[in-house]
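Commentary on secondary and tertiary structure
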Amino acid sequence: MDPNNIKIEDSWKIILTEEFQKQYFNDLVSFIKSEKAEGKTIYPPGPNIFQAFNSTPWEKVKVIILGQDPYHNPGQAMGLSFSVPQGTKLPPSLKNIFREIKTDLGIDLPDHGDLNSWASQGVFLLNAMLTVEEKKPGSHKKIGWQEFTNAVIKILSEKKEGLVFLLWGNFAKSKKDLIDGSKHLILEAAHPSPLARGAFFGSKHFSKTNDYLNSKNQKIINWQT
C-alpha cells in the first residue's frame, strides 16, 4: 500500500514505510474495507485507527503501555489503549489503573478516562490490534495487526534507548521477547482487569516508570489526567 495514503503522523510514516508496503498490510486494509462494505461496524472510527501514533510522535515516545484490542462497545474506542472519551463511563480495567495510581502516587481519581494528557507527554498507548468488530472482542486478532504492531515494538526497541515498556497481563507479557531488556526497562504485572482479582495492585509501575525516567535525565510523566 502507498504509505502516502495512510493517515498517520509524519515521523511514524517515515519509520514504518516498509511495513505499509508489505503484502500483509495490504491484505489487512482490504479485509477492513470489505467488512465495512458488508455493513459491519468497526471500532475505532477510521480517523482514530492510528490515534496512538498521531498523539505520540516517534521522537516523543518514552513509555509504552500495551493493550490487546480496542473496546468493542459503542462510544468507547478512541485509538488509545485503555482510554475512553470524556463523558464515557469508566471501564473496569481503567478504574483499577486509576486506583493503583492513587495508591502509588497519591493522585486523586479523575472523573473521566481520556488519556490524551499521557499521550502528549510521550506515553505511547498502543493496542496490539488496532481495530475490532462491534461487540466481538478479539475479532481482528488474526487479520495482520499483530504483525504490524510487533514490528512497531521491535523498531522502538532497536532504534531507541531508555524506554519503559509496561506489560500488563499474559498477552502483553508475551511481547517481551520483542524488546531488548538490556537497553530498556520492562515492567510486568497482572492485567488491571477485575478478572485478575486485584493482582495488579501494588505493582507501583507509575512511580517506577518515573524513577527510571529521572535516572535517565528525562522529564517524568504527570499521571494526573
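Everything in this summary refers to the structure shown in the same document.

Secondary structure assignment for the chain yields 9 helices and 6 strands. Since a compact globule built from 225 residues should have a radius of gyration of about 17 Å, the 17 Å found for the chain is in line with a globular shape. The principal-axis extent of the C-alpha atoms belonging to the chain is close to 50 × 35 × 25 Å. For the chain, the residues scored as buried account for 54% of the 225 residues in total. Long-range contacts, defined as pairs at least 24 residues apart, comprise 66% of the intrachain contacts of the chain with a sequence gap of at least 6. A total accessible area of about 10,500 Å² is found for the chain, and carbon and sulfur atoms account for 47% of it. Across the chain, the mean location of the 28 positive side-chain charges is 5 Å away from that of the 24 negative side-chain charges.

Okay, the pairing of strand β5 (residues 164-168) next. Burial analysis of β5 places 5 of its 5 residues in the buried class, which makes it a mostly covered element. What you see with β5 is no split at all: V164, L166 and W168 on one side and F165 and L167 on the other are buried throughout. By the bridge criterion, 5 bridges tie β5 to strand β6 (residues 185-189) in an arrangement that is parallel. Of the residues in β6, the one forming a bridge with L166 is L187.

Parameters at a glance
- Residues numbered from 1 in each chain as written.
- Predicted model: local features only at pLDDT ≥ 70, side-chain atom pairs only at ≥ 80, totals over all residues.
- Heavy atoms only, no water.
- Helix = DSSP H or I, 4+ residues; strand = E, 2+ residues; numbered from the N terminus.
- Rg over C-alpha atoms; globule rule 2.2 N^0.38 Å.
- Buried < 20%, exposed > 50% of the residue type's maximum accessible area, 1.4 Å probe, protein only.
- Contact = heavy atoms within 4.5 Å.
- Areas by Shrake-Rupley, 256 points an atom, 1.4 Å probe, with all protein chains shown as cover.
- Lys, Arg positive; Asp, Glu negative; His and termini not counted.
- Charge placed at Lys NZ, Arg CZ, Asp CG, Glu CD.
- Pairing = 2+ DSSP bridges.

On their own, these measurements won't tell you what the molecule is for.
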